[in-house]
Structure formats: structure tokens, C-alpha cells
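What the coordinates show
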Amino acid sequence: MGKTADLTAVQKAIIDTLKQEGCSQSAVSRHLSGKSVGRKKCGRKRCTMRRGDRTLRKIVEKDRFQTLGDLRKQWTESGACAGNGLQVPHSPGQATFEPETAAEAPDLGYREVALDCCSVREMPKCLKSSVKYPQSVMVWGAMSAAGVGPLCFIKGRVNAASYQEILEHFMLPSAEKLYGDEDFIFQHDLAPAHSAKTTGKWFTDHGITVLNWPANSPDLNPIENLWDIVKRKLRDARPNTLDELKAAIEASWASITP
């Protein structure tokens, strides 16, 4: 590559862009000299045809904030993936209110899909605002086959004393709503506040049977499925403040039927 002074404005712009993308000096030189043309391509082999690329592009552009699961479903239903073995990747689910979306992974993890990730990053309609340090809330709730009880929003850390207050003011009303005068078995894990001797005495004093819970057990409490439902219902809520988040959680919780 010649001296910097001999380069055109376009070439200088290309150099700056490639360097920002992390390209090495040698890679930039090869690109400008044309020596990179015809080199053997590395990475995965192409697994889509151009028709399939166009179909996938239309699916993404229809709603750039779809979840990857939705993209996979539409891709399969379109028939464009028949015979080419393309699988849109999906990250394991995590306990967050914001799902991974197409806009957050614009190239879908496949270089051969031919979505220009550089262009996508520069297009405002492909960008989604986020909060670096989002507010969060801790919530306690109870459920049975009859439905759900009232929610409790918790401030600060939960110790044995605060947990017993939750049981007194939220679990007992939940049990009365869901069971009336019938007996029931209460289920919770072995968190320190749950397994404290004073908490055990609280259950004994109130005549409530607690399900035995083995140590180091997988969390098989069925309410975990309910929390997942709440999070999925919150995907379109987009709360901006703590009060909006609480209201969205309450509405999502209240919409759950027996």
C-alpha cells in the first residue's frame, strides 16, 4: 500500500472503518491492493440459497425486534429452509425481562445469511434503547391449582424475620383465598430465611405442614414455571420506571388463570 498522502478520501475512509472493526494493518493493505480477492474463504460453508436469504431478510425486516424463536418458526413455516439444514441459533433462556432479539444479534450468528451487520448497526430502526444499570424488584408470590395469591414487592435483603412477615401478611391471605378452611402443604426451598429455626417455629405455631425439601436439590418448585410466564408476558411491556415495572408485573401476574 502506498503512502497515506497518496490515498484518496474514499480509501482513507475505508481504512478508518476497517480499523474500527478490528482489522489488522496487513488485512487493510490486502483489501486496498485487491490481493484479498479470490482468497480461500474461511469459516462455515454457506448453507442457504439466495432465495432463502431474501426470505429471511423479509422476515427480519417485518419486525426487527422479534425473538429468535419467532424467527425460527417463521423461517420454518416459509419453506425456504427445506433441504438446506439452516438452524437459527438460540441462547439458553435466562432470567431477564429483556429477551434476546433479532436486533441484538443482527447477523443471527451466521455469516452466510448475508445480512449486512455493519449496515444494521448504523440504521436507527435496528437499534433498541437499553439501560446500563436497570432498576429491578424482588417479588414474592404464591400459587396453587386454584390460582395465584397477592404479590409482595420486597425491599432489601430477605432474612428470617422479614420472611416471616411476608408469610404472615401475604402467605396466609393467599392460603385463605386459595384453600379456605381446607388443609394444605406449603412448599419452598432451603434458602437460609426459609430453613431458619424461627421460621420453622412460625409454621409449627400456625399449624402449617411444610413439604420436606432435600439439600442440594434442583429447583423443582412449579412456581418457577409461573415466573417464566410472567417474564414472557412482560416482553412487550417495555417499562421505563420502577413504578411502571411493578404495574406491569402485577398485570402479568393477575392475568394468569388457574
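Residues numbered from 1 in each chain as written. Predicted model: local features only at pLDDT ≥ 70, side-chain atom pairs only at ≥ 80, totals over all residues. Heavy atoms only, no water.

In the annotation of an unreviewed UniProt entry, the entry for the protein reads Tc1-like transposase DDE domain-containing protein, and the organism field reads Cirrhinus mrigala.

This part is about the overall build of the protein. Counting its regular elements, the protein contains ten helices and six strands. When burial is assessed residue by residue, the protein has 30% of its 258 residues classed as buried. Within the protein, residue pairs in contact and separated by at least 24 positions form 62% of the contacts whose partners lie at least 6 positions apart. (Helix = DSSP H or I, 4+ residues; strand = E, 2+ residues; numbered from the N terminus. Buried < 20%, exposed > 50% of the residue type's maximum accessible area, 1.4 Å probe, protein only. Contact = heavy atoms within 4.5 Å.)

It is worth spelling out the packing of helix α9 (residues 223-233) against helix α10 (residues 242-254) at this point. Contact geometry of α9 with α10 gives a least axis separation of 9 Å together with a crossing angle of 120°. Put simply, α9 runs oblique to α10. The interaxial crossing formed by α9 with α10 has right-handed handedness. In this structure, α9 uses I223, L226, W227, I229, V230 and K233 to contact α10, whose residues at the interface are I249, S252 and W253. Within the contact of α9 with α10, the residues separate by chemical class into seven nonpolar, one polar and one charged. (Axes fitted to C-alpha atoms, helices over the stretch in contact; angles between N-to-C directions. Parallel < 35°, antiparallel > 145°, perpendicular 65-115°, else oblique. Left-handed = near helix turned anticlockwise from the far one by under 90°. Nonpolar A, V, L, I, M, F, W, Y, C, P; charged D, E, K, R; others polar.)

Moving on: the pattern of salt bridges. The full count for this structure, using the stated rule, is three salt bridges. When the shortest N-O distance is used, the salt bridge between D228 and R232 registers 3.0 Å. Remark: R232 and D228 occur in helix α9; sequence separation between them is four residues, near one turn of the helix. The partly exposed category is assigned to D228, whose relative accessible area is 39%. Residue R232 is classed as partly exposed on the basis of its relative accessible area, which comes to 43%. (Salt bridge = Lys/Arg side-chain N within 4 Å of Asp/Glu carboxyl O.)

Here we come to a positive patch on the surface. A cluster of basic residues, R50, R51, R54 and K58, forms a positive patch at the surface. One can find R51 in helix α3 (residues 50-62). (Patch = residues over 30% accessible without salt bridge, like charges linked within 9 Å, V, L, I, M, F, W, Y side chains within 5 Å. Areas by Shrake-Rupley, 256 points an atom, 1.4 Å probe, with all protein chains shown as cover. Lys, Arg positive; Asp, Glu negative; His and termini not counted. Charge placed at Lys NZ, Arg CZ, Asp CG, Glu CD.)

What follows deals with the packing of α3 against helix α4 (residues 68-78). In the contact formed by α3 and α4, the axes pass within 10 Å of each other and the chain directions differ by 140°. Overall, the two elements α3 and α4 adopt an arrangement that is oblique. The element α3 and its partner α4 pack so that their crossing is right-handed. Every residue of α4 that contacts α3 at G52, T55, L56, I59, V60 and K62 is listed here: L71, Q74, W75 and S78.

Listing the buried residues of helix α8 (residues 197-205) in full gives T199, W202 and F203. In a view along the axis of α8, the buried residues occupy a sector of 95°, so they form one face of it. Opposite its buried face, α8 presents the exposed residues K197, K201, T204 and D205, each directed more than 90 degrees away. If you follow the buried residues of α8, they end up packed against α6 (160-179), β5 (185-186), α7 (192-195) and β6 (209-210). One or two residues past the end of α8 sits G207, with phi positive at roughly 65°. (Arc of directions from axis to C-beta.)

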